[in-house]
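Below are the chains, spelled out letter by letter.
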Amino acid sequence: MKKFLTILLVCLLAFAPIFANGSKESAAADDGTYPAGDLVIWSTGQPQYRQMYYQGFLDRNQDIASGVKLSVETIATMADGQQKIAMYSMSGDQDSLPEVIMLDAVGIIELANAGLLLDLTDYYAPQADKYVDGAVNDSTVNGKVYGLPDAVRPQVLFYNAEIFEKYDVDPAMMSTFDGYLEAGRLLKERSNGEVYLSWIDPTSYTWRYWGRRGLMPQAGARIWDEEGNVVIGSDEGTKLALGYLDTLYSEGLLYKTNMMQQPIYEATDDGKIATFYIGAFWDEFLRKNLTATAGDWRVMNAPVFEGIGTGGAPVSTYFCLVDTGSNEYVGLIEDLWYDFQNNVEEINAWVTEMEAINGAYSNPVSKATLADPFWQAPSDFYGGQSFRKAESDGLNNPSKNMTVTPQDAEADLIISAEIEKYVAGEQTMDQAIANMDKELKLKIGKADV
């Protein structure tokens, strides 16, 4: 599918000037109202929770959008959504295009370069100082903003405080990766091998969460150099990041299990897994799936590599407006996004509801909203610690995310396949890195940077 998408986008690039002529201006009438019709948003994950907020916004704004019907639809993957948008645009089927798609940096680069996303620079730039620093870093292509920040979530360290107390291991030592490793060794020794420091997955999740989103950016690792040449095989940051993962796994400190499936939650509730070095999104899965250890968990900033010293790299998702040709709801969509970030009363009420039903939510990116006392409130699940404040604190001193190119989606498949062979015991980590380098050069060659 990835190669097919690439071909489609290459074709679209040739016609980008044609597809990029859609107006960014609001289609509101002189009286500020919007025409009746369907406003469609595409998203991965569990968008039904977000739809609850968006529908509330429309309900509060019936004076200008009484005939607008909202639909938030699930797409299997962002790449799947990109492919469909490319296909509909190539065929001239504008009616099937969504008004909005949630994307990451890879998707934004591809669709923006193909002329399929609206340029939002003039809307966002005047208010940029209202939002957390770097909020649109990954949605900026050639100096233009193609996505409004929906969530900027840091890499953090979740840990079971009761386990650390039981085995007399000080969680503070985990502020560095050397200390994190030592904590794992102590837990293994003092529990007679019953407690593992963390997890490792036999599928693509290991590269996704330990690698691309975790250790690699914190180690300053690179897949490509500044000219787009493959350097992962000789890169010192890659050796540091994946070498560290190798140490954890080879010393038996990682519990092998499938991510996001019931066995990992059962093992965690049984006290077999002591920590999760992972993105803040994991909060939702812990709250939803852990019962026996609820109240035992705490959160701290991600460990740092000594000599580098920067914390977890944030993972961002963006609210991107698709060029549908008519673009009749641009102003309404911008107002909806703004409301979701800045309407403190409504945001707080929605988050309270999400917590009650274990629904998905993330911190807003508005500085003023984050300053509200609600976002420092204690959580029973975290033993009285404020998870929301911990997430906000995790954005301090961030590592820079890895350079993203249009080739990274395909590169991730290649790299992950070698990591999976490593986890399965079919090769060493050194062999995995060498094979990544070889396969990337053979199948991709030079990346567009």
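Just above sits the structure.
Here we summarise the structure given alongside this text. Fair warning: this is a prediction, and the values are worked out from it, not measured in the lab. (Residues numbered from 1 in each chain as written. Predicted model: local features only at pLDDT ≥ 70, side-chain atom pairs only at ≥ 80, totals over all residues. Heavy atoms only, no water.)

**What to know about the overall build of the chain**
Inclusion rule: In this description a helix means any DSSP run of H or I spanning at least four residues, a strand means any run of E spanning at least two, and both kinds are numbered starting from the N terminus. A radius of gyration in this sense is built from C-alpha atoms; the matching globule rule multiplies 2.2 Å by the number of residues raised to 0.38. Relative accessibility decides the category of a residue: with a 1.4 Å probe and only protein chains considered, values under 20% of the type maximum give buried, values over 50% give exposed, and everything between is partly exposed. Accessibility throughout is a Shrake-Rupley quantity obtained with a 1.4 Å probe, and a residue counts as covered only by protein chains that appear here. The charged-residue count follows a simple rule in which Lys and Arg add positive charge and Asp and Glu add negative charge, with His and chain termini not counted at all. Taken as the charge centre is NZ of Lys, CZ of Arg, CG of Asp or CD of Glu, depending on the residue.
Helices and strands together make up the secondary structure of the chain, namely 19 helices and twelve strands. In summary, the chain has a C-alpha radius of gyration of 23 Å against a globular reference of 22 Å for 449 residues, a match within 12%. Summarising its shape, the C-alpha atoms of the chain cover approximately 70 × 50 × 35 Å along the three principal directions. With 449 residues in all, the chain has 55% of them scored as buried. Per element, the accessible surface of the chain, about 18400 Å² overall, is 49% carbon and sulfur. Positive and negative charge centroids in the chain, built from 33 and 65 side chains respectively, lie 5 Å apart.

**Remarks on the layout of surface pockets**
Rules: Both cavities and pockets are sets of points on a 1 Å grid over the protein atoms alone; in a cavity a 1.4 Å probe fits but cannot get out, in a pocket the set is open with protein on both sides within 12 Å along at least five of seven lines, and lining residues sit with an atom within 4 Å of a point. Grid points are joined across faces, edges and corners, and a volume is the space filled by probe spheres set on the points. Throughout this entry, Asp, Glu, Lys and Arg are counted as charged residues, while Ala, Val, Leu, Ile, Met, Phe, Trp, Tyr, Cys and Pro are counted as nonpolar. The remaining residues, Gly among them, count as polar.
In this model, the second largest pocket occupies a volume close to 650 Å³. Lining the second largest pocket are 26 residues; nearest its centre among them are G134, N137, D138, K400 and N401. The dominant element in the lining of the second largest pocket, judged by the number of residues it contributes, is helix α6 (residues 105–113), at three residues. Its residues assigned to classes, the lining of the second largest pocket shows twelve nonpolar, eleven polar and three charged.

**Observations regarding the pattern of salt bridges**
Where we set the bar: Whenever a carboxyl oxygen of Asp or Glu lies within 4 Å of a side-chain nitrogen of Lys or Arg, that contact is scored as a salt bridge.
Enumeration over the complete set of coordinates arrives at 19 salt bridges. One salt bridge connects R60 with E346, and the closest N-O pair in it is separated by 3.4 Å. On the criterion of sequence distance, the pair formed by R60 in helix α3 (residues 47–60) and E346 in helix α15 (residues 344–356) is long-range, its members being 286 residues apart. On the basis of relative accessibility, which here comes to 26%, the residue E346 falls in the partly exposed class.

**Focus on the packing of helix α11 (residues 236–250) against helix α18 (residues 408–423)**
Our working definition: To define axes, lines are fitted to C-alpha atoms, for helices over the stretch in contact only, and angles between the resulting N-to-C directions are given on a 0 to 180 degree scale. Under this scheme an angle from 65 to 115 degrees is roughly perpendicular, one under 35 degrees roughly parallel, and one over 145 degrees roughly antiparallel; angles in between are oblique. Put simply, a crossing is left-handed when the front helix is turned counterclockwise from the back one by less than a right angle, and right-handed when it is turned clockwise. Two residues qualify as a contact provided that any one of their heavy atoms is within 4.5 Å of a heavy atom in the partner residue.
Between α11 and α18, whose axes approach to 12 Å, the crossing angle comes to 25°. Between α11 and α18, the angle falls in the class roughly parallel. Seen along the crossing, α11 lies across α18 with a hand that is right-handed. Across the interface between the two elements, L242, L245, D246, Y249 and S250 from α11 touch I419, Y422 and V423 from α18.

**Focus: the sheet that holds strand β6 (residues 148–153)**
Put simply, the rule reads: Any two strands with at least two DSSP bridges between them are considered paired.
One open sheet holds the five strands; their spatial order is β2-β1-β3-β12-β6, and the pairing between them is mixed. A strand with exactly one partner marks an edge of an open sheet, and here the two such strands are β2 (68–74) and β6. Going from strand to strand, the sheet's axes swing by 15° on average, the running direction of each strand aside. Sheet analysis places β6 next to strand β12 (residues 315–321), joined by five bridges and oriented antiparallel. Looking at β12, one finds that P149 is bridged to Y318. Here α3 sits on the sheet in contact with β1 (37–43), β2, β3 (100–103), β6 and β12, set at roughly 170° to β2. Contacts from helix α5 (residues 78–91) reach β1, β3 and β12, with the element oriented near 145° to β3.

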